[in-house]
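Chain and residue survey
The residues making up each chain are set out below.
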Amino acid sequence: MASSSSSSSSSSSPPPFQSALLAGALAGTTVDLSLFPLDTLKTRLQSSAGFFPSGGFSGIYRGIGSALVGSAPGAAFFFCTYETTKGLLGGGDVSRRTTTTTATRHAAFLPEPVTHMVAASLGEVAACAVRVPTEVVKQRAQAGLHGGSSAAALRAILGRYSTHGLGAVWREMYRGWGITVFREVPFTVIQFPLWEAMKAWRRRHRRQSDDAGRGKGKGSGDDVSGVESAVFGSVAGAVAAALTTPLDVLKTRVMLSKERVSVGDVFRRMARDEGVRPFFAGLAPRVTWISIGGAIFLGSYQWAINTMRTIA
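Residues numbered from 1 in each chain as written. Predicted model: local features only at pLDDT ≥ 70, side-chain atom pairs only at ≥ 80, totals over all residues. Heavy atoms only, no water.

In plain terms, the rule: UniProt positions are given in the numbering used here, feature names are shortened, and annotations may be inferred rather than shown by experiment.
Under the annotation held in an unreviewed UniProt entry, the chain carries the name Mitochondrial carrier protein PET8 and is attributed to Purpureocillium lavendulum. Quoted verbatim from the Sequence similarities (unreviewed entry) field of UniProt, the annotation for the chain is "Belongs to the mitochondrial carrier (TC 2.A.29) family." Word for word, the UniProt comment on the chain under Subcellular location (unreviewed entry) is "Membrane".

So, in structure tokens, the structure goes:
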């Protein structure tokens, strides 16, 4: 068994860039493929056309092609940026570090929740560079627009090049960029500090148990397991999903609009014509989807990181 200090060092420091890249890609693909039907139902519930006119319960795998293309690179971008930023800002547990530079020791005095918020926010901005275009194509296919397939939706967007130029295609592909970032940043600012805090609590509890049982030959290291990370990810995801549902509704309305519209116009129109209730459309499937998704996403990520550390 490795010594206590070496075990602490390996589990507290951010995973190497390559590990975060591969584990993030695996986590993103796994969660998007397994929960795609729930995502489709949520999109149709939020569509201004209505649930059944947008497809109802039929064709729930429409748009899966764009999800397959965007899942791995989007999640990989996120975790590479997240782990790198967290490491630069000293986001690990300082009490578990064995070696630090002066700069790292100084940075480590930043409150850990703030470090996790900053790292998660930058990670989401990086991920949205890939996620937004694939979301636009995916959601239009899910809502039955342009023939109801990812390929047809993409062709419709690219077809604007001949009449409106490259700029129009670019703007269409990144339609909803602002509201997507505006939704994802608050979401991760809630989810990731909660997830990290629960993992830190579990590590402290495990260290205490290991210290108490060391005289009896017990002790299993202090990093969290994939299952534990999945449970924590599910709880954190459910809380964040419930609180950010209105932002998700606005994002969906903007992306499905036939013409370019501003978030402010969509918000004012909904508040004036539809009231408060539509802002929470799709709440149940969104919370369910993200709660399960948080378990799969962060559980598979932790499992992959732990596996690669063991192999290394």
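1. Observations regarding the packing of aromatic side chains
Convention followed: Only Phe, Tyr and Trp rings take part, Trp by its six-membered ring, and two of them pair if their centres are within 6.5 Å. Stacked means planes under 30 degrees apart, edge-to-face means over 60, and tilted covers everything else. The numbering of helices and of strands both runs from the N terminus, where a helix is a DSSP run of H or I of at least 4 residues and a strand a run of E of at least 2. Each residue is placed in one exposure class: buried if its accessible area under a 1.4 Å probe, protein chains only, is under 20% of its type's maximum, exposed if it is over 50%, and partly exposed if it falls in between. Think of it as a cone above the ring: NZ of Lys or CZ of Arg counts as a charge over the ring if it is within 6 Å of the ring centre and within 35 degrees of the ring normal.
This model, assessed by the stated rule, comprises 15 aromatic pairs. Plain terms: the ring middles of Phe79 and Phe297 are 5.2 Å apart, the flat faces sit at 40 degrees to each other, and that makes the pair tilted. Placement of the pair is Phe79 in helix α4 (residues 64–88) and Phe297 in helix α14 (residues 283–311), with a sequence separation of 218 residues. The class for Phe79 is buried, based on a relative accessible area of 0%. Residue Phe297 is classed as buried on the basis of its relative accessible area, which comes to 16%. Taken together, the ring pairs connect Phe78, Phe79, Tyr82, Phe192, Trp195, Phe297 and Tyr301 into an aromatic cluster. Positioned above the aromatic ring of Trp195 is the side chain of Lys199, whose terminal nitrogen or guanidinium carbon lies 3.8 Å from the ring centre.

2. Comments concerning α4
Spelled out, the test is: Expected span, for any helix, means 1.5 Å times one less than how many residues it has. We define the bend at any residue as the angle between the axes fitted to the seven residues before and including it, ending there, and the seven starting there.
With 25 residues, α4 should reach 36 Å at 1.5 Å per residue; the first-to-last C-alpha distance of 36 Å fits that figure. The largest bend in α4 amounts to roughly 35 degrees and is located at Gly70, with the proline Pro73 lying one to four residues further along.

3. Some details on a nonpolar patch on the surface
Rules: Think of a patch as exposed residues, more than 30% relative accessible area, with no salt bridge, where like charges cluster within 9 Å and nonpolar side chains (Val, Leu, Ile, Met, Phe, Trp, Tyr) cluster within 5 Å. All accessible-area figures derive from a Shrake-Rupley calculation using a 1.4 Å probe, and residue coverage is judged against the displayed protein chains alone. Salt bridge, as applied in this entry: a Lys or Arg side-chain nitrogen positioned within 4 Å of an Asp or Glu carboxyl oxygen.
On the surface, Leu194, Val227, Val231, Val235, Val239 and Leu243 cluster together to form a nonpolar patch covering roughly 520 Å² of accessible area. Of the residues forming the nonpolar patch, the biggest block, five residues, is contributed by helix α11 (residues 226–243). Mapped onto the elements of the fold, Val231 is located in helix α11. For Val231, a relative accessible area of 47% gives the class partly exposed.

4. A closer look at the nonpolar core
The test is simple: Take the buried Ala, Val, Leu, Ile, Met, Phe, Trp, Tyr and Cys residues and link them wherever side-chain atoms come within 4.5 Å; each set so joined is a nonpolar core. Residues are treated as being in contact if the distance between any of their heavy atoms lies within 4.5 Å.
Membership of the largest hydrophobic core comes to 27 residues, with the highest contact counts inside it found for Phe79, Tyr82, Phe192, Trp195, Phe297 and Tyr301. Considering each element in turn, this core owes the most residues, seven residues, to α14. In this structure Tyr301 touches Pro15, Ala20, Ala23, Gly24, Ala27, Phe79, Glu83, Trp195 and Ile296, once residues within four positions along its chain are discounted. Grouped together as the second largest cluster of nonpolar side chains are 11 residues, Val136, Val137, Met173 and Val181 included.

5. Some words on the packing of α4 against helix α6 (residues 112–142)
Defined as follows: Axis definition: a line fitted to C-alpha atoms, over the contacting stretch in the case of helices. Angles run 0 to 180 degrees between N-to-C directions. When describing relative orientation, an angle under 35 degrees is termed roughly parallel and one over 145 degrees roughly antiparallel, while 65 to 115 degrees is termed roughly perpendicular and anything else oblique. It is the rotation of the near helix from the far one that decides the hand of a crossing: anticlockwise by less than a right angle makes it left-handed, clockwise makes it right-handed.
Two numbers describe how α4 lies on α6: the axes approach to 8 Å, and their chain directions differ by 165 degrees. Here α6 runs roughly antiparallel to α4, going by the angle between their axes. Along this stretch, α4 crosses α6, giving a crossing that reads as right-handed.

6. Focus: the pattern of salt bridges
Overall, the coordinates contain 18 salt bridges when judged by the stated rule. A salt bridge links Lys42 to Asp248; the nearest nitrogen and oxygen atoms lie 3.2 Å apart. Of this pair, Lys42 sits in helix α3 (residues 36–46) while Asp248 is found in helix α12 (residues 245–256), placing the two residues 206 residues apart along the sequence. Of the residues examined, Lys42 reaches a relative accessible area of 1% and is grouped as buried. Residue classification places Asp248 among the buried positions, given a relative accessible area of 0%. Among the ionic pairs, Arg131 bridges to Glu124, the shortest N-O distance being 2.6 Å.

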